[in-house]
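# Secondary and tertiary structure notes
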Amino acid sequence: MEVGPIRQRRLADNIVEQLETMILEGTLQPGERLPAERALAEQFGVSRPSLREAVQKLAARGLLVSRQGGGNYVSDNLGSSFSDPLLGLLEGRPEAQRDLLEFRHTLEADCAYYAALRATDLDRQHLQSAYESLQACYAPESNASRADEGAADARFHLAIAEASHNMVLLHTIRGLFDLLKRNVVTNIGGMYALRGETRLMLVEQHQQLFDAIMQGRADDAKRIASEHITYVQDVLAQSQEESRRMARAQRRDKPSSR
C-alpha cells in the first residue's frame, strides 16, 4: 500500500470551519456584525492575514458580506426561506394559515422536546427573558399591540428552538420567523373575538410549556406544545366555520333579483 504525505490543513480553513460552526449554531446571526478584525484574530489566536483569507472565502460563498469601511457581517439572506412578496401572499390566504399551523404542530413539538433535554443554563436565561416579555404582553395593564404580542410569541418559540441545539430545527424556525409573527397576529385577532377565554388559555399553555422545558420534562414539553397548536387549530376552525355560516346567511338574506 502506498502512503502519501499528509497535507497540513491551512490555518484559514480552520478559521472558516470555526466561523461556519458559529453561524450554524446561531452564535452569529443573520445581519450581525463580526467583531473587529484585530479583536477576532486575538480571540481565535491567529494572524490577521489568515483571518482575512478566511473571511474572503466565506464572503465568496455568500455567508459573509464585507462593507467598505463598515466591517464584516453575516449575510442577511441566511435562513430567509420566504421573501416579503410571498409573505404577503401567504398572509391573506386562510388555507396557508392552516398549513403553517400543521407545520408548526410537528416542528414546535420537537423543538420543545429537545429543548427540555438539552437546554444549558444560558439557554434557560434566554428562554426566561423571552417568556417574561411574552407574559408582559398578556398583563392587564399592558398597552402591547397585536403586532407586539405576535413578535413576543414568535421570539419565545425561537428561544425554544435555540435551546433545542438542533441546527436544522433552529434555522427552519428562524427562516420562518416573519411568517410566524404574522401568523400569530392573524390568529389572535380571530381567536380573541370568538372566545373570551382565549387569552387566559394561551397564558396557561405558554406557562406550562415554559415550566416543562425549564424542568427538563421532555415528554411533557412535547405534549404541551402539541396541545397548544391543536387548541389554536380548533379555535380557528370554529372561527372559519362561523364565517362561512354568516356568509351563507347574508346571501340568503339578499332579495332575489327579478
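Right, let's get into the nonpolar core. With 43 residues, the main nonpolar core has Ala-112, Leu-127, Phe-156, Ile-160, Leu-209, Ile-213 and Ala-221 as its most contacted residues. Broken down by secondary-structure element, the contributors of at least two residues to this core are helix 5 (94-118), helix 6 (121-138), helix 7 (146-164), helix 8 (167-175), helix 9 (177-194), helix 10 (198-214) and helix 11 (218-253). Beyond its immediate sequence surroundings of up to four residues, Ala-221 is in contact with Ala-112, Ala-116, Leu-209, Ala-212 and Ile-213. By size, the runner-up hydrophobic cluster in this structure holds 18 residues, among which are Ala-12, Ile-23, Ala-54 and Leu-64.

Tracing the backbone shows Asp-123 in helix 6. Despite its burial, Asp-123 remains without a salt bridge, the nearest opposite charge being carried by Arg-124 at 7.3 Å.

Moving on: the pattern of salt bridges. Summed over all chains, the structure comprises 13 salt bridges. Between Arg-61 and Glu-20 there is a salt bridge, and its shortest N-O distance comes to 2.6 Å. With Arg-61 in the loop between helix 3 (48-60) and strand 1 (64-67) and Glu-20 in helix 1 (residues 11-24), this pair connects stretches of sequence that are 41 residues apart. With a relative accessible area of 51%, Arg-61 lands in the exposed category. For Glu-20, a relative accessible area of 23% translates into the label partly exposed. Close ionic contact of Arg-48 with Glu-37 constitutes a salt bridge, the shortest N to O distance being 3.0 Å. With a gap of eleven residues between them, Arg-48 in helix 3 and Glu-37 in helix 2 (residues 37-44) connect regions that are remote in the sequence.

Conventions and cut-offs
- Residues numbered from 1 in each chain as written.
- Predicted model: local features only at pLDDT ≥ 70, side-chain atom pairs only at ≥ 80, totals over all residues.
- Heavy atoms only, no water.
- Core = buried A, V, L, I, M, F, W, Y, C linked by side-chain atoms within 4.5 Å.
- Buried < 20%, exposed > 50% of the residue type's maximum accessible area, 1.4 Å probe, protein only.
- Helix = DSSP H or I, 4+ residues; strand = E, 2+ residues; numbered from the N terminus.
- Contact = heavy atoms within 4.5 Å.
- Lys, Arg positive; Asp, Glu negative; His and termini not counted.
- Salt bridge = Lys/Arg side-chain N within 4 Å of Asp/Glu carboxyl O.

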